[in-house]
Structure formats: C-alpha cells, structure tokens
Amino acid sequence: MRLVEFWLSHRNELLTLIGQHILLVGTATLVAVAIGVPLGVFAARRPRMSAPLVGFANMVQTVPSLAMFGFLLPVPLLGGVGPRTAVVVLILYGLLPIVRTTIAGLNGIPAPVREAGVAMGMTPRQLLQQVELPLALPSIVAGVRVAAVVGVGSATIAAAIGAGGLGEYIYRGLSMVDTTVILAGAIPAAVLALVVDGGLLWVERRLGSRRSHRRLGLTAGAVSCIAVLLWGGALLAGRGSETIVVGSKNFTEGVILGEIVAQTIERETGLAVQRRFNLGGTLICDRALLNGDIDVYVEYTGTALTAIFRQPLGQDPAAVLTTVRESYARSGRAVLDPLGFDNTFAILVRGRDARALALRTIDDAARHTSGWRAGFGYEFLERPDGYQGLASTYGLRFQEPPRVMDLTLTYRALASGQVDLIAGDATAGLISALDLVPLEDNRQYFPPYDAVPVARSDMLLRYPEVGAALETLAGRISAARMREMNHAADAGREDPSAIARRFLSEVR
Amino acid sequence: MAAIEFLDVSYTVPGGAQILDHVSLVIGEGEVVALVGRSGAGKTTLLRLVNRLLEPDAGRVVVGGRDAREWEPIRLRRSIGYVIQDAGLFPHFTVADNIAVVPRLEGWDDARIRSRVDELLQLTGLPPAVYADRWPGELSGGERQRVGVARALAADPAILLMDEPFGALDPVTRAELQSEFRGVQRRLRKTVILVTHDMREALSLADRVAVMESGEIIACDAPPAMLASGDARVRKLLEAVTVPFSQDS
C-alpha cells in the first residue's frame, strides 16, 4: 500500500526515471548493435580473430559493473559523472552477447545456401545484405535481447554515478533504509526487463517464421532514429548554459544537504539547478567536481583532508579548514563557509550493550572487542582516517576481520545483532531511531568533519550570486538540527526535498 | 564453337592433395556432358572451375571463347546457371523471390521479373498460382529441386552447371525429374555439365559421358560407345548400374 502511495505521490519523478532508464538502455543497446554486429561479421569471416575477440568481450563482461564505472570515471571523453559514462559501460556489457550471437548466426547458415549465393553472382556485400544477415537475424536478435535485459539491470547501478534511472530509488531507499523506496525502483526495473525480454522474444519468433523482414527493418530504423533524437534532446535540455549542477553523496544526509544547497540557489538566484545526487562515494564526487560534471556539493573538512588530499590527520577545526581551503584552491575550487555542524565518525554500539557493560568511551569498548564482530562501510576500511588508525590508536582487536557492507546497512546490522560495533555518522538519524549509542573518541583520533559546500571557482566567478546565496547557509545547521532532519528522512520516511523546504522556510 | 574448354587443367587443394591432374575436355554448344565417377574423383572440382568458384593452378578454362580468368567473376557467374544437390534455396525468400534472385541482381523491372518467374514455374511444372508465394520449407524435395532448376534458368544463361541435381530424391521423383529435364533440354538447348555418380542417369541424360577417376578423365564417349567399352574401370561402373536396374523395375 505504501508502495502505491509512493508511486502516486512521486508519479512525475517516476515517469522521468523510467524515461531515463529506457533512454540509457535503448541508446546503449543501439550503439552496441551498431558496433557488435559489424564486429561479429568481421570475426565470423576470420575465425582466427574470433577467439581473441570473444575472449576480450568475455573479460569485459566479468568486470563487476560498479568497478567498471569506477575505471571509466577518470577517462577523458568517455568517463566522468553522468549518463555518458553509464551508456559507455552498458555498451561494453552489451557487446559480448551481440558479437557472439552474430558469429553463431552467420556460422549456422548452411554451406549450400551461401554457395548458391556466390555461384549466382552475388558480390560479398550483396551476399551479406540479402542472405547472411537476414538468416542470422533471429540469432542476432536473441543476442540483442540478452544485451537489453542485462542492460536494464546494470543501468540501475548507473545511478551511483549520477546517470539517473530507476537506480535512483534503489540507492535512495538503501540510504534511507526504506524497503518501500527500494522496491519503488526495483519493481519497475524488473517489469521493464520482462517487457523488453518479451518484446524482443516476440520479434525473434516473428523473424524465425521468416516474414515481413522489410517492415521490421523499417520499424527498427524508425525506433533507432526516435531514440537518438530523444537522447540528443535530453542531452541538450539536460544542461543549458544557465544551469548549476548540484551533486551529493549517497547517504541520507548528503541528499538532504544537496537539496538544501539546490533549493537555496533556486530561491536566491533564480538560476536553473540540476540535481545529480547519490554519487557513489567521496572520490567520485571529487572527480565529478574537478571535471565540471557538477558545480557544487557538500563535503566534510576531515574527509577532504585525509581521503582527497592525503594529508596527515589534524585536530584543530580551523587549521584543518585552512589546509583544505588551500588544497582545493590549487585545483580551481573554493570552500565556502562551514554550515555549522561537525559530522564526525561515531563509533556505535547497541544501547543495550552500552548500558549492560557501562560503555562510555572507545577505550571502554576496547576491553570487550576480542569477542565482538565489527561492520564497516567500504570507505571506512580504506580511508587514512579510518579503521587501521582507529584500531592501532585504541588497540582494537575483533573476533574476526571486520565485515564490509554498505554504510547505510551497518546501522541495521548492528541493531539486529549481526555485528556488535560499527562506525557511523554522528548525525545519522538512525542512531536514536534504533537505540544505538555513540562512544566518545576519548583519544581524539578523528579529525573534525565540518560540513562545507565546495564549489568550482569558475562557476562562482561567473555567477557571484551563487556564492552569496550559499553564504546565507553559513553556520545555520546545528548538529541537532541535522540529526533531526536525518531522522525525519530515515525514520519518518519524509522526502529529502520536503525536509529541505521545511528547513529553509524556518531559517529565513 | 566450343562453349567450355578445359585445357590441361590441374588443381591442388592449398596445402593438400591434388584433385585434378592435367584434365582436358571440350564441350560443344548445346551439348550435355555428364561427369561420372566415385566420390573424390574430382567431378565437382572440375565443375567449379567453370564459374570460378575455384581457380586452376595449371592449365586454362575457356568459357564462351574467353579465358575464365579474363571474365569478371560476378559477370561470369550471372551468365551461368548453377544447380546443386539440395537446391540451396534461400529459406527466407519465397519461391518467386528465389527464382528472381539473378534478374533482381541484374536490375530487371518488376513486371519483367514477374512474367519470367511465371514462365519458369510453368516450365518446371509448378503452377505459379500455387507455388509463387510459398516458402522453401513448405516444399517437398522434388519441388525444391524444380525451383532450383527454375532459379538457375532465370536469366536465360547459355550454360547450366548441375552438381548431383537429382541425388537427394527418391527413385520415383528422380525418374520424373530426369524425364522432364530431357523435355526442357530439348526445347532450350543449353550447354550442360551434369555431375553424377549414377552411371544410369548419365547414360540416359547426356550426349557424352566422361568417366573420372583420381583426378583424370579415363574415358569420354557417347552412351552407346560407353556401354561397349572394354576398359575394366568403366565396366565396373557399368556393372553397378545393372544392380539398381533390376531392383527398382
């Protein structure tokens, strides 16, 4: 029931996301066909080439999609944050089935048929167009079907790099730990996959019965043209010259802060704002800002210091802010004034355990951890201000190596007893919602994590009013207020944009 | 004038066995010559030299008074009809479209193609109203082979190459098609090379029979002379004929 309500209340957004999803998969599949079929024809003609080619395509297929997005982010022209990279990745995935079925289809043509064509005086081109491709078509369409269905699935992951599509709901749901929102994206994606599968299967069957080739060819041509036009239109409309692109990280607080920044710019300047939220991690956001794929997002000083600029840990908030500001300035980016709260890492345990064992500080917990299990987000395990330093500072040892999971899932994992200690965000709304207790960082291991908007300097020079607008947010968000907003999203299931709107109307 | 001349041709599979060993044979216009011999004797290879599906590595093939190598291969092939064992029809074309392949390649207009297709269907005993729009998959073996012959004749080529055209058919259908072939040939007077391993078929259809063995023509004569041959290898092929004779009559 909640699911239907969600769809109804978000129906415009839902339609947009479905449209984006279809566009992503459609474009990628068309391009994969345009590349894959000629490649398959080429390989079928030269058997010596086909093994390495299919081998390579196979290898590409085995790269996990998230890793593939990661590889492509820094690549010029192809990479970057946004739909372009997603399309490139989906094309790469689509190539294998198409190349393979093209080869199989061509090799499956009976030798006498091909020989008859040659003996009747067909040129190699006429043979290909009139005999070989039409006969291989059912097999090729089977490959396109596989490519498109896999594409519908892979495209959900594309939301991690700001490409949009139904993955947005899945990521949003994950970050809010809200199954309804996850399903709101997952169900349409599954239905889309089934529709694509069924539709192409129908085409395949029809081709198998060898009729109306010409009409199908025309239909396919028309569909391609429309898709390409739509795509071109979407790209043009997507980013006019007067548009400020706001990014965000992929957890509740990131999205809420992204909304606050976006709505502030919209209200104060009247400029158009495009949202690219839920980007999958600090380094992806950083790369996107550097490339100009986004113009502004909210980062935390300690995170920028250690994870982006690889500086030693510092404890003084003002000093850290200065260091970070100088480092950003060297790559053409400006740090605006802090928003007013410090979202440090919170080492969390269950309230039940804290009360039973009288735990107040991390040192208190260190005495018990040898019998405990820990769960951390991907970033925390790797970053310089993360697990390694924490463990050596406090002498933490666990029963088994820490489990790696999505940051937003760690809270649930802790509450349900699958792990006994996690590193969460101090401002996470789930902390009180799930009766979790933050332990004091009594040895002051963590640096300050003041939330600051970071923006491209060239954008601020061009639109000084954006800088002025963001200044109005300086010092306006307290840790308590942030926790409250996070809680409204995580426990109250409230929409981030509605939360941001309420906040802005209150502070005015 | 000779329609096809093989002048001392040899052919070796690249990196493999020698298939043809200095073969010479002259075929006159309007003549039907059967190439007979067991599998691997080189019959099909010799046939394929005519339309340059293969190139000899020694000797010359002359088609219509010109060395085959001087012909543009596409031109050459479009002026020669080609019929193979299981017809090699395009499964995604209707019967009419299959027959119209060469006329379409040659750019005939639709009306001319339509009337030519009807004419050929009549000639090969397939009523156009029934067969023109059917698919090869819906035809019997004999019907497919008739379409194959009609397709080969479509652009009215002077030369017809037939590689085991009736090989895959049941004896009754085969006899039927053989007798129709004789009737059609009487009217059209094509130059025909017919590859077969069936000596009886060769004797009943051909003006001359060339017996091949291990890449050579070991005997070449009109059927009556062939029947009287004293060559032991020819006699062996002739003896094989009498066995099926007694069986299916």
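Residues numbered from 1 in each chain as written. Chains lettered and ligands numbered in written order. Predicted model: local features only at pLDDT ≥ 70, side-chain atom pairs only at ≥ 80, totals over all residues.

Thoughts on the overall build of chain A
So, point 1. Secondary structure summary: chain A contains 24 helices and 10 strands in total.
So, point 2. Taking all 508 residues of chain A together, 48% fall into the buried category.
So, point 3. Long-range contacts, defined here as pairs at least 24 residues apart, represent 78% of the contacts in chain A between residues at least 6 apart. (Helix = DSSP H or I, 4+ residues; strand = E, 2+ residues; numbered from the N terminus. Buried ≥ 20, exposed ≤ 12 C-beta atoms within 10 Å, placed from the backbone. Contact = placed C-beta atoms within 7 Å.)

A closer look at the interface of chain B and chain A
So, point 1. Across the contact, 16 residues belong to chain B and 16 residues belong to chain A.
So, point 2. When contributions to the side of chain B that touches chain A are tallied by element, the ones reaching two or more residues are helix 2 (73-78) and helix 4 (101-105) of chain B.
So, point 3. A class-by-class count of the residues in the side of chain B that touches chain A yields 10 nonpolar, 3 polar and 3 charged. (Nonpolar A, V, L, I, M, F, W, Y, C, P; charged D, E, K, R; others polar.)

A look at the packing of helix 2 (residues 11-45) of chain A against helix 7 (residues 124-157) of chain A
Residue and element names in this part refer to chain A.
So, point 1. Where helix 2 contacts helix 7, the two axes come as close as 9 Å, and the packing angle between them is 140 degrees. For the crossing formed where helix 2 meets helix 7, the hand is right-handed. Listed contacts from helix 7 to His21, Leu24, Val25, Ala28, Thr29, Ala32, Val33, Val37 and Val41 of helix 2 are Leu128, Ile140, Val144, Ala147, Ala148, Gly151, Val152 and Ala155.
So, point 2. When its residues are assigned to classes, the contact of helix 2 with helix 7 shows 14 nonpolar, 3 polar and no charged. (Axes fitted to C-alpha atoms, helices over the stretch in contact; angles between N-to-C directions. Left-handed = near helix turned anticlockwise from the far one by under 90°.)

Section: the confidence of the model for chain B
Residues and elements named next belong to chain B.
So, point 1. Mean pLDDT over chain B: 89, with 96% of residues reaching 70 or higher.
So, point 2. Note on residues 243-249: pLDDT under 50 across the span, and 3 contacts to partners over four residues away in sequence or across chains.
So, point 3. If you check the scores for this complex, the pTM reads 0.67 and the ipTM reads 0.87. (pLDDT = per-residue confidence, 0-100.)

Overview of the packing of helix 2 of chain A against helix 3 (residues 47-62) of chain A
Packed helix pairs are specified by the crossing angle of their axes together with the interaxial distance, meaning the distance between the axes.
Residues and elements named next belong to chain A.
So, point 1. Running from amino to carboxyl end, helix 2 crosses helix 3 at an angle of 135 degrees, the nearest separation of the two axes being 5 Å. Considering the angle they form, helix 2 stands oblique to helix 3. Contact residues: Leu39, Phe42, Ala43 and Ala44 in helix 2; Met49, Ser50 and Leu53 in helix 3.
So, point 2. For the contact of helix 2 with helix 3, the residue count by class is 6 nonpolar, 1 polar and no charged. (Parallel < 35°, antiparallel > 145°, perpendicular 65-115°, else oblique.)

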